[in-house]
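A structural walkthrough
So you can see what is in the structure, the chains are spelled out below.
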Amino acid sequence: MDPAATWHRLHPLSPVIRAGRVFIGAALVFAGTLLPGSNSTHSGAITRVVIGVVVIAFGMVSWLVTRWRVEGKDLRIETGLIRRSSLRFPLPQIQAIDVVRPVLARMFGLAELRLRMGGATAGSARLAYLTASHADTVRAQLLALARGVQPEADESPERVLVRLPTGRLIGSLVLGSPTVTVLVMAGAIASATALSPRATVGILSSTFAIAIGAITVFWRRLNGAYNLTVAEAHDGLRVRSGLLDTTAETIPSGRVQAVRMVEPLLWRPLGWCRLEVDVAGRQHRGGENNPERRQLRAVLPVGSHQEAESLLARILPDAPRERTRPPSRALWKAPLRYHNLSWGHNERCAVTTTGRLARITSWVPLTKVQSLRLVQGPAQRALRLATIYLDTAGHSVHAAIRDRDASEAREQLGELTVLCRAARAAPSSKGVANA
Amino acid sequence: MRDTGTTSAEQEEVWLRPSPRLGIMRRVEVFGVTGLAVAIVLMVNAVGLLAGAPVNLGTAVLLIVGIALAGFLIDRWAQRRVSAWAYCEREDDLLVRRGVLVSRLSVIPYGRMQFIDVVAGPIERAFSLATVRMHTAAASSDARIPGLAQTEAARLRDHLAQLGEARAAGL
C-alpha cells in the first residue's frame, strides 16, 4: 500500500456484520413478542422483514460512500452520503492501535482497526471491517509511518512477556466483586425468605436484574482477559486477549502515561495483583456490544508480584526503589488510608501508594507530567499537611502524593518541577514508556 | 500556604493579582442575589397581607434578617477568595494560587499548555473583565484566573500561547 495511493474501500461484508449485531439485539428483544404467538400476524412479520431490509440497505449505502487512505502523515476517512464528513487523523498523535475481532467478524475472517488519538484531535478512527491480514499490514504500516520510518518487510519477532493461564483468570473472577455481589444478594434473599416466605417471588424478581448485571460483568471480564498475552515488539507493547471477541492492542513506545498496580483485599492472601497501563485519549462510551473501550488497559489482569515487577521493569525501567511514609499526624486526617500511603521518586519517575481496602500504586514517568498541583484543605492546614497531585494525560491513574508535611511538600513541589523540566528536555530511550 | 510562596529559592517571584474590579463585581453579585431573595420574601408577605391571608410577621422578619446575615457572610468569604487569587509568570512555567478553605497552587509548564481560553460572561463584560483558562492534556489541570482586565487577559493569552508553542513538548 503506497502512501500516495488510491482510495480504499472497507470489506463488502462490513454492513452485514454491523447489521448482524443490530439483528441479534433486535431478535432478542422481539423473541419475547414472537413466543406468545397470538398477536403476531402476517403484517407484524412483514413489518419486521421490511425493517431488516431497510437496515441492510442503510448499511450498504454507508459502505458505498465510505473510503479511506493514507495521505502523507495523516489517515483520512471520508464517509456520509447526505452530510459528508472528511476526517483527518495525524499519525504522529496515535496513542494506541487496536485490532478488534468480534465473533461475527471472526467467522468471516475480518477485523476492525481502531486508532486511539491523543492531543488536540482526541477521538478515535475506526476502520470496520478489513480482512484480518490486511488489518495487520495496515496496522504495521500506520505505526511505522507514525514513527517516521519505512515499514519493515519482515518484523523482528516479538518477545512474549506474560501469558495469563485460564485457571488463574477464573480464580480471580471468582474472588472478584461480582461474586461478592451475588453472595450478598443470596444472603439477603435467604434472610428475607426466612422472615416472610410469601415475599420470596417479589424479592427474586427484583434481584434478577442485579444478577444479570453481575453475570454481564463476569462475562465481560472473562472475555476481556481470556488467554491474555503481553509481548514486547519493536513498535511497542502488544496485548492480545479475548474469548469470543478478540482484541489485539498495540501501545507504541512512549505513549504510556502512567502505570498502576492494584492489590485488592480479596487477592492479598494469594499474593495477586493487577497491573494497568494508562494511555491518553478522550473517554469513549462504547455500546453494549463493544469490547471495553477504556483508556486504562490491564496488561496483567491478575498475576503474582514477581510477574508484575518484571513487566513493570520492561515498561518503566527507571522505577524508584525507595519510598517514604507520611508523618504520623496524617493518621488523623486519613485513618483508613494511612497504612498504605507512601511515595518516592528519582530523576525519571515518581511512585505513589494509596488506597483504603485495596492498595493502589501509581508510577508516573516525569516526562509525562502535565501539571503539578499543591492542595491543602482545612483539615490539612490544621495538621500542617498538604497533598501534591501529578496530573497526567491519562484518565484513570491519579497520582497523588498525599498528606505530607506542608513545608516538605512545598520543597518537593519545587524539586519535582525542576526534575520534570529536565526529564522533558532529555527523554531517555529505554523502555516502552519512554519515547 | 498564605505567604509569598517562593517555591524556588533563587528567583524573586512577582505575584500579580486580578483587577480590583473583581472584588466589586463579586460584591455586586452577592448583594444582588441577597436583595432578590429579600425582595421575594417581602413580596410574598405583602401579597399575603393584601389578600387577607394570615401572615406571620415575626417569621418574615426573621427570614429577612437571616438572608441579610447570610449575604454579609458570603460577601466576606467572596472578598477573601478574590484577594487570595494570584498568579506568577516564571521563566518556564506559570504558577496560579487560589482558594480560601482549600488552598491550591498549580504549576503549569508553558510547554504543556495545549490551549488557552479567554471567557467573559455578561456580568464580567459589564465590568470589562475576563477569565483566562489554561488547558493541558490532563483533564484534572484546573488553572484559571478570573477578573483580569481585558487588556491584561489578552496580553497573558498571547504571551502564554507564544511560550507554549516555542516549548511544546510531545504527548
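Cut-offs applied
Residues numbered from 1 in each chain as written. Chains lettered and ligands numbered in written order. Predicted model: local features only at pLDDT ≥ 70, side-chain atom pairs only at ≥ 80, totals over all residues. Heavy atoms only, no water. Pairing = 2+ DSSP bridges. Helix = DSSP H or I, 4+ residues; strand = E, 2+ residues; numbered from the N terminus. Axes fitted to C-alpha atoms, helices over the stretch in contact; angles between N-to-C directions. Contact = heavy atoms within 4.5 Å. Buried area = accessible area lost by both parts, 1.4 Å probe. Salt bridge = Lys/Arg side-chain N within 4 Å of Asp/Glu carboxyl O. Polar contact = N/O pair within 3.5 Å; in protein donor to acceptor, adjacent residues only side chain to side chain. Nonpolar A, V, L, I, M, F, W, Y, C, P; charged D, E, K, R; others polar. pLDDT = per-residue confidence, 0-100. Phe/Tyr/Trp six-rings, centres within 6.5 Å; stacked < 30°, edge-to-face > 60°. Lys NZ or Arg CZ within 6 Å of the ring centre and 35° of its normal. Parallel < 35°, antiparallel > 145°, perpendicular 65-115°, else oblique. Left-handed = near helix turned anticlockwise from the far one by under 90°.

Regarding the sheet that holds strand β1 (residues 67–71) of chain A
Residue and element names in this part refer to chain A. Sheet architecture is open: three strands sit in the order β1-β2-β3, paired in antiparallel fashion. A strand with exactly one partner marks an edge of an open sheet, and here the two such strands are β1 and β3 (85–90). Taking the axes of each pair of neighbouring strands and ignoring which way they run, one obtains an average angle of 20 degrees across the sheet. As judged from the five bridges shared by β1 and strand β2 (residues 74–79), these two strands associate in the antiparallel manner. Bridging from a neighbouring strand, R67 pairs with E78 of β2.

Comments concerning the interface of chain A and chain B
Counting from both sides, the interface comprises 31 residues of chain A and, opposite them, 28 residues of chain B. Between chain A and chain B, roughly 2,300 Å² of surface is buried when both sides are summed, and carbon and sulfur atoms account for 50% of that area. Summed over the shared surface of chain A and chain B, the number is one salt bridge. We note a salt bridge from R421(A) to D92(B), for which the minimum N-O separation is 3.0 Å. Counting across the interface, chain A meets chain B through eleven residue pairs in polar contact (both at pLDDT 80 or more). Of all elements in the fold, only β17 (371–376), α10 (378–382) and α11 (406–425) of chain A reach the threshold of two or more residues within the side of chain A that touches chain B. Residues that form the side of chain A that touches chain B fall into these classes: nine nonpolar, 14 polar and eight charged. Here β17(A) runs beside strand β3 (residues 103–109) of chain B; their pairing, made up of five bridges, is antiparallel. Along β3(B), the bridge assignment pairs Q376(A) with S103(B).

Re the confidence of the model for chain B
Residues and elements named next belong to chain B. Here chain B shows a mean pLDDT of 87. Residues at 70 or above account for 92%. Confidence scores differ between elements of chain B, with strand β4 (residues 115–119) showing the lowest mean pLDDT of 89 and strand β1 (residues 86–89) the highest of 94. The low-confidence segment residues 1–10, where pLDDT is below 50, has 27 contacts with residues more than four positions distant or belonging to other chains. Here the predicted complex carries an ipTM of 0.84, next to a pTM of 0.81.

Some points on the packing of aromatic side chains
Inspection of the entire model under this criterion finds two aromatic pairs over all chains. Seen from their ring centres, F31(B) and F72(B) are 5.8 Å apart, and the 75 degrees between their planes marks the pair as edge-to-face. Remark: F72(B) occurs in helix α2 (residues 57–84) and F31(B) occurs in helix α1 (residues 21–51); sequence separation between them is 41 residues. Taking the ring centre of W7(A) as reference, the NZ or CZ of R67(A) above it sits at 4.0 Å. The aromatic ring of W15(B) is capped on one face by R97(B), whose charged end is 4.6 Å from the ring centroid.

Concerning the sheet that holds β4(B)
All names here are of chain B. Read across the open sheet, the three strands follow the order β4-β5-β6; overall the sheet is antiparallel. Edge positions in the sheet fall to β4 and β6 (144–149), since each of these pairs with one other strand and no more. On average, each strand axis in the sheet is inclined to that of its neighbour by 25 degrees, with strand direction left out of account. Of the strand pairs in this sheet, strand β5 (residues 129–135) and β6 are connected by four bridges, and their pairing is antiparallel. When the bridges of β6 are listed, L129 appears paired with A149.

Considerations on the packing of helix α6 (residues 177–195) of chain A against helix α7 (residues 200–225) of chain A
All names here are of chain A. Viewed as axis vectors pointing N to C, α6 and α7 meet at an angle of 170 degrees, and their least axial separation amounts to 9 Å. The angle between the axes of α6 and α7 places the two elements in the roughly antiparallel class. In this structure, α6 contributes S177, P178, T181, V182, M185, I189, A192 and T193 to the contact, and α7 contributes T200, I203, L204, T207, I210, A211, A214, V217, F218 and R221. Here the contact of α6 with α7 is built from residues that sort into twelve nonpolar, five polar and one charged.

Section: unusual backbone geometry
Residues and elements named next belong to chain A. Between A128 and Y129 the backbone carries a cis peptide bond, its omega angle lying at 5 degrees. Mapped onto the fold, Y129 is located in strand β6 (residues 123–131). A positive phi is found at N227, a non-glycine position, where the angle reads about 60 degrees. Within the element layout of this structure, N227 appears in the loop between α7 and β8 (229–233).

Description of the environment of T216(A)
Considering the arrangement of structural elements, one finds T216(A) in helix α7. Considering only alpha carbons, one finds T216(A) and P178(A), 38 residues apart in sequence, at a separation of 9.1 Å.

A word on the side chain of T34(B)
Tracing the backbone shows T34(B) in helix α1. Residues in contact with T34(B), not counting those within four places in the same chain, are I67(B), A68(B) and G71(B).

Some words on the confidence of the model for chain A
As a general rule, the predicted coordinates of low-pLDDT regions are not to be interpreted in detail. Scored by pLDDT, chain A has a mean of 82; 87% of the residues are at 70 or more. Scored below 50 in pLDDT, residues 283–294 of chain A shows 19 contacts in the model against residues more than four places distant or in partner chains.

Quick look at the packing of helix α5 (residues 166–174) of chain A against α7(A)
Residues and elements named next belong to chain A. One way to put it is that α5 packs onto α7 with a least axis distance of 11 Å and a crossing angle of 155 degrees. With respect to α7, the axis of α5 lies roughly antiparallel. The way α5 lies across α7 gives a crossing that is right-handed. Across from L169, I170, L173 and V174 in α5, the residues of α7 making contact are F218, R221, L222 and A225. Split into classes, the residues belonging to the contact of α5 with α7 amount to seven nonpolar, no polar and one charged.

Describing the environment of G236(A)
Residues and elements named next belong to chain A. Position of G236 among the secondary structure elements: in strand β9 (residues 236–241). Along the sequence, G236 and I77 sit 159 residues apart, while their C-alpha atoms lie 25 Å from each other. The residues touching G236, leaving out its near neighbours within four places in the chain, are A231, I251, P252 and S253.

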